Structure formats: structure tokens, C-alpha cells
Amino acid sequence: MQLVVARIGRAHGIKGEVTVEVRTDEPELRLAPGCVLATEPASAGPLTIETGRVHSGRLLLRFEGVRDRTAAEALRNTLLIAEVDPEELPEGEDEYYDHQLVDLDVVTADGTEVGRITEISHLPTQDLFIVERPDGSEVMIPFVEEIVAEIDLEEQKAVITPPPGLIDDRAEIASGWDES
């Protein structure tokens, strides 16, 4: 299975280094020297990581064969893609890769169907499940312990205990408003 692990940003310096926007929880594994990564667009790669370092809080990478600023700048906005075994699990308990969560059915603790996870949105403070409801509308569910009670990969479902108003039908909410 192929997963996007980073996006190349601007060139840094004159010796071919680039900044990268990390899109993996395991950069030390996926973006280590020696890793060979596919690219999007495919014509830019594959790229082999020669060196990596953190500078002012940003990850900088240098790729084999990329020796100057012009070559580095030509890679800007290229996606870096790693080949990952679909059965591989993260090291930590209660940690999941996005591909394990996408397409899970979302139900409440009492079994009420909420929808299906279509995307994971990674925000600075927390991750969000983007859930498509049976009627085609979407609801965003914070992926926090207080709301997501259980992830059952065998049963392919996420059990949630939503606070009032998180998944309530908008029509039901609106009908309770006083229009005076």
C-alpha cells in the first residue's frame, strides 16, 4: 500500500536541501537516509534520501543526485510516497494509521448508525474523522478519547459517545428554536 509521507517545500540553501511538510507520525522511519520514495508526479522520482536534519523546527532533506538550489526548487510541491505493508501497525497502543480508519462504520454506543469515515483531517490540536452520513451529508467528529470510545478493526467500526449537538440532525435542532 502506498502512503503519502511528505510534501516537498522550498529549497533551502545552495546545496540541494529542501524543506518538507511531514505527513507521517513516523518521520524517523519513513524519511530516514537511504529510504527510496515514489513521487507524485511520478516523473520526479523515485527519490532516495541522502541526508536529513532538523533546522529551526523544520525537517530538511537532501536527495541523491540533487546538488544545487535549482534542482531542489524543481522538486517543490512533489509528494513523497512510501510503500507500507497494509498489515503493519503503529508501535503505540490505541494508535492507528489513516488507512486503517478510513471506511470504518461509525456507530453510537447504543448501535445507532452515524455513517462511514471518508477522511482523517489532521489539525494542530486534534485529528478529526470526516464522516459521511447515510443521507450524503458530512459530520466532523473529533478523534479524542472522550468521544471515540472504541476502534474495532476486526468489526470495521468506530464506536462513539457524542456530546449533545455533535451529530444531532440540524432539522431537529432548528425545530427546537423559538422564532419569536
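Data block above holds the structure.
Residues numbered from 1 in each chain as written. Predicted model: local features only at pLDDT ≥ 70, side-chain atom pairs only at ≥ 80, totals over all residues. Heavy atoms only, no water.

1. A word on the pattern of salt bridges
Cut-off, in case you're wondering: Salt bridges are counted wherever a side-chain nitrogen of Lys or Arg sits within 4 Å of a carboxyl oxygen of Asp or Glu. The helix count covers DSSP runs of H or I at least four residues long, the strand count covers runs of E at least two residues long, and both are numbered beginning at the N terminus. For the exposure calls, accessible area comes from a 1.4 Å probe over protein chains only, and a residue counts as buried if that area is under 20% of its type's maximum, exposed if over 50%, partly exposed in between.
What the rule picks out here adds up to six salt bridges. A salt bridge links Glu17 to Arg53, with the shortest nitrogen-to-oxygen separation between them at 2.9 Å. With Glu17 in strand 2 (residues 17-22) and Arg53 in strand 4 (residues 47-55), this residue pair connects regions lying 36 residues apart in the sequence. For Glu17, a relative accessible area of 7% puts it in the buried group. Given the relative accessible area of 38%, Arg53 is considered partly exposed. Arg116 is the salt-bridge partner of Asp105, the closest N and O atoms lying 2.7 Å from each other. Here the residue Asp105 occupies a position in strand 7 (residues 105-108), and Arg116 occupies one in strand 8 (residues 113-122), the gap between them amounting to eleven residues. Since its relative accessible area comes to 36%, Arg116 is described here as partly exposed.

2. Side note on the layout of surface pockets
In this approach the atoms are scanned with a rolling probe the size of a water molecule, which exposes any empty space left behind. The following threshold applies: We place a 1 Å grid over just the protein atoms. Points where a 1.4 Å probe fits but has no way out form a cavity, open points with protein on both sides within 12 Å along at least 5 of 7 lines form a pocket, and any residue with an atom within 4 Å of a point lines it. Grid points are joined across faces, edges and corners, and a volume is the space filled by probe spheres set on the points.
Volume-wise, the largest pocket comes out at about 910 Å³. As for the largest pocket, its lining consists of 30 residues, and the residues nearest its centre are Asp25, Tyr96, Asp98, His122 and Asp127. Mapped onto the lining of the largest pocket, the elements with two or more residues apiece are strand 1 (2-12), helix 1 (27-30), helix 3 (98-101), strand 8 and strand 11 (148-152). Of the residues forming the lining of the largest pocket, the biggest block, four residues, is contributed by strand 11.

3. Let's talk about the sheet that holds strand 8
The cut-off we apply is this: A pair of strands is considered paired only if DSSP assigns at least 2 bridges between the two. Comment: axis = line fitted to C-alpha atoms, over the contacting stretch for helices; angle = value between 0 and 180 degrees taken between N-to-C directions.
Spatial strand order, 10-9-8-7-12-11: six strands in an open sheet with mixed pairing. The sheet terminates laterally at strand 10 (138-142) and strand 11, the two strands that pair on one side only. Strand-to-strand twist of the sheet, defined as the mean angle between neighbouring strand axes without regard to direction, takes the value 35 degrees. Across four bridges, the pairing between strand 7 and strand 12 (residues 157-160) is parallel. What sits directly across from Val106, in strand 12, is Ala158.

4. Side note on the pairing of strand 7
Bridging between strand 7 and strand 8 involves three bridges; their strand directions are antiparallel. Each bridged residue has a counterpart across the sheet, and for Val107 the counterpart in strand 8 is Glu113. Where strand 7 folds back onto strand 8 in an antiparallel hairpin, the turn is made up of four residues, including Gly111, whose phi is positive at roughly 95 degrees.

No statement about biological role is implied by the geometric values presented.
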